[in-house]
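# Topology and contacts: notes
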Amino acid sequence: MKTIGIRQVRVRTHDDIARIEVEPQDMQKLLANHGRITEKLQSYGYTFVTMDLVGYKSGSMNRALS
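Values in this document were obtained by computation on a predicted structure and should not be read as measured data. (Residues numbered from 1 in each chain as written. Predicted model: local features only at pLDDT ≥ 70, side-chain atom pairs only at ≥ 80, totals over all residues. Heavy atoms only, no water.)

The next thing to look at is the environment of Ala18. By the secondary structure assignment, Ala18 is in strand β2 (residues 17-22). Placed 24 residues apart in sequence, Ala18 and Gln42 show a C-alpha to C-alpha distance of 8.8 Å. In contact with Ala18, not counting residues within four places along its chain, are Val11, Arg12, Leu41, Tyr46, Phe48, Val49 and Thr50. (Helix = DSSP H or I, 4+ residues; strand = E, 2+ residues; numbered from the N terminus. Contact = heavy atoms within 4.5 Å.)

What follows is the structure in structure tokens.
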């Protein structure tokens, strides 16, 4: 994803789901390249590839701990 100009990205694993987090301004780039990204992540064994609509936010998993 860095090769398409997305600077900040996180992929979280939930069993066979890859949940992609990018900054809101990069969501269009992610959508425009969804085919390549999905194909690559599925080659790593993910069945489903999703985009987190909230977007990238440092420390976001801490919300689940509270």
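Moving on, we get to the nonpolar core. Judged by nonpolar contacts, Ile4, Ile6, Ala18, Ile20, Val22, Met27, Leu30, Ile37, Leu41 and Tyr46 together constitute the single largest core of 10 residues. Listed by contribution, the elements that provide at least two residues to this core are β2, α1 (27-32) and α2 (34-43). Counting residues per element, this core draws most heavily on β2, which supplies 3 residues. When sequence neighbours within four positions are dropped, the list of residues in contact with Ile6 reads Met1, Val22, Asp26, Lys29 and Leu30. (Core = buried A, V, L, I, M, F, W, Y, C linked by side-chain atoms within 4.5 Å. Buried < 20%, exposed > 50% of the residue type's maximum accessible area, 1.4 Å probe, protein only.)

Burial analysis of β2 places 5 of its 6 residues in the buried class, the great majority of the element. Between strand β1 (residues 9-14) and β2, which pair antiparallel in sequence order, lie 2 residues; one of them, Asp15, sits at a positive phi of approximately 55°. Judged from the 4 bridges that link them, β2 and strand β3 (residues 48-51) form a sheet pairing that is parallel. Paired with Ala18 across the bridge in β3 is Val49. (Pairing = 2+ DSSP bridges.)

These figures capture arrangement, not role.
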